[in-house]
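Each chain, letter by letter, is given below.
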Amino acid sequence: MEKELQWKTKTIDEHYIYYDDLEIPYEVIRSKRKSLAIAISIGGNVTIKIPWQATKADVIRLLETKRDWIYHSYKKQVVRTRNGIEVKEGASIPFLDKAFRLHIQHNSSKNVADIAVQEDIVLIETPVVDSDFIIECLETWYKKNAKHVITMRAEQYAKAMGVSYGKISIRSQKSRWGSCSSLGNLNFNWHLIMMPSNILDYVVVHELAHRIEMNHSAQFWQIVSEFCPAYKQRKAWLKEKGMSYELLTK
Ligand SMILES: [Zn+2]
């Protein structure tokens, strides 16, 4: 009951923030709370939650101090939702340093979908022509290849770096490219197989370097730079483009 009353007394205003090349809409929600907070959702909705007694100057001060964070988070969220890969006949399907052309062939006599690579074409023979189903097929195919390639690269780099590791798992985490557990198990995001090979290698080196330094200290980056001298560019690339590899239906 109390919750419902509180909801009804909330007020919502819409405003815009101007940052260089961007016009970012945001809404201010006043409610019974103690501090100011900013949230940016997937899709780029910016919400500023403020207590009843907060003034416009408080909001402006918050926006100023969080300026860079808002700008980058907003861009990332918007890029993520707008720059995916539209899965349809003839689509360009990125795979390491090349791209395949997607060819979808309906075959009602099949029970399961088959996926095969023929030169520069990825051919999916499928009993159902449905975007979500095709995406599932592609995802399975990407994951299988990601496991194969990443396992191979990890073996090579681990040898060169003189480190060991446990199991390698391929995951679908939204915003993490890789992780290394305290037991030395390595997790990698399957989307890496779509990206240039030097990006995949950077993430492999990064996670293996955690087998020596379980942090992001200067020593850690020193190790990374030995095996991936251009790691700063790779990091920047991932930050800018990493989110644009979602498979989308249209
Ligand atoms: Zn790390």
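Further up the page is the structure itself.
Residues numbered from 1 in each chain as written. Predicted model: local features only at pLDDT ≥ 70, side-chain atom pairs only at ≥ 80, totals over all residues.

## A closer look at the overall build of the protein
Definition in use: Comment: elements are numbered from the N terminus, with helices defined as DSSP H or I runs of at least four residues and strands as E runs of at least two. Think of it as a crowd count around each C-beta: if 20 or more other C-beta atoms lie within 10 Å the residue is buried, if 12 or fewer it is exposed, and in between it is partly exposed, with C-beta placed from the backbone throughout.
A count of helical and extended segments in the protein gives seven helices and 13 strands. Out of the 250 residues in the protein, the part that is buried amounts to 22%.

## Things to note about the environment of Ile70
The cut-off we apply is this: A pair of residues counts as a contact when their C-beta atoms, built from backbone coordinates, are separated by no more than 7 Å.
Relative to the elements of secondary structure, Ile70 occurs in helix 3 (residues 67-82). Residue classification places Ile70 among the buried positions, given that 22 C-beta atoms sit within 10 Å. The spacing of Ile70 and Ile24 is 46 residues in sequence and 9.2 Å in space, taken between C-alpha atoms. Residues contacting Ile70, with those up to four places away along its chain left out, are Ile17, Ile24, Ile38 and Val46.

## Remarks on the sheet that holds strand 7 (residues 98-106)
Working definition: the strands of a sheet are paired by backbone hydrogen bonds and lie parallel or antiparallel to each other. The cut-off we apply is this: Here a strand pair is declared whenever DSSP counts at least two bridges between the two strands. The convention used is that axes are lines fitted to C-alpha atoms, helices contributing only their stretch in contact, and that angles between N-to-C directions extend from 0 to 180 degrees.
Strands sit in the order 6-7-9-8 across an open sheet of four strands; the sheet is mixed. Looking at the sheet topology across the chains shown, the edges are occupied by strand 6 (92-95) and strand 8 (114-118). Between one strand axis and the next, the sheet turns through 30° on average, direction left out of account.

## A closer look at the nonpolar core
Let me state the cut-off plainly: Nonpolar cores are built from buried Ala, Val, Leu, Ile, Met, Phe, Trp, Tyr and Cys residues. These are joined into a set through C-beta atoms within 7 Å.
In this structure, Ala146, Leu192, Leu200 and Val203 are the most contacted members of the largest nonpolar core, which totals 35 residues. Those elements that provide at least two residues to this core are strand 9 (121-126), helix 4 (131-161), strand 12 (186-189), helix 5 (197-209) and helix 6 (218-227). Sort the elements by how many residues they give to this core and helix 5 lands first, with eight residues.

## A look at the sheet that holds strand 11 (residues 178-180)
Reading across the sheet, the three strands line up as 10-12-11 and stay open at both edges, with mixed pairing between neighbours. Both outer strands of the open sheet, strand 10 (168-171) and strand 11, are each paired with one neighbouring strand and no more. Neighbouring strand axes in the sheet, compared pairwise and without regard to direction, differ in orientation by 15° on average. In this structure, strand 10 lies alongside strand 12, joined through four bridges in parallel fashion. Its bridge partner being in strand 12, Arg171 is matched across the sheet by Asn189. Set on the sheet, helix 4 makes contact with strand 10 and strand 12; between it and strand 10 the angle comes to about 145°. The sheet strands contacting helix 5 are strand 11 and strand 12, and the helix crosses strand 11 at an angle near 20°.

## Some details on unusual backbone geometry
We note that Leu96 has phi near 45°; this positive angle belongs to a residue other than glycine. In this fold, Leu96 is placed in the loop between strand 6 and strand 7. Since 16 C-beta atoms lie within 10 Å of it, Leu96 is described here as partly exposed.

## A look at the packing of helix 4 against helix 5
Quick note on the threshold: Each angle is binned into one of four classes, with values under 35 degrees roughly parallel, values over 145 roughly antiparallel, values of 65 to 115 roughly perpendicular, and all other values oblique. Left-handed describes a crossing whose near helix is turned anticlockwise from the far helix through less than a right angle; right-handed describes the clockwise counterpart. By the convention adopted, Pro, Cys, Tyr, Trp, Phe, Met, Ile, Leu, Val and Ala count as nonpolar, Lys, Arg, Asp and Glu as charged, and the other residues, Gly among them, as polar.
It is the contact of helix 4 with helix 5, at a shortest axis distance of 10 Å, that shows an interaxial angle of 50°. Between helix 4 and helix 5, the crossing angle belongs to the class labelled oblique. In the crossing of helix 4 with helix 5, the sense of the turn from one axis to the other is right-handed. Only Leu200, Asp201, Val204, Val205 and Leu208 of helix 5 make contact with helix 4, whose side of the interface consists of Ile150, Arg153, Ala154, Tyr157, Ala158 and Met161. Classifying every residue of the contact of helix 4 with helix 5 by side-chain character gives nine nonpolar, no polar and two charged.

## Some remarks on the pairing of strand 6
By the bridge criterion, four bridges tie strand 6 to strand 7 in an arrangement that is antiparallel. Paired with Pro94 across the strands is Ala99, a residue of strand 7. In this structure, the hairpin formed by strand 6 and strand 7 is closed by a connection of two residues, where Leu96 is found at a positive phi of approximately 45°.

## Section: the environment of Leu62
With respect to the secondary-structure elements, Leu62 resides in helix 2 (residues 56-65). The sequence separation of Leu62 and Leu36 amounts to 26 residues, and the corresponding C-alpha distance is 7.8 Å.

These figures capture arrangement, not role.
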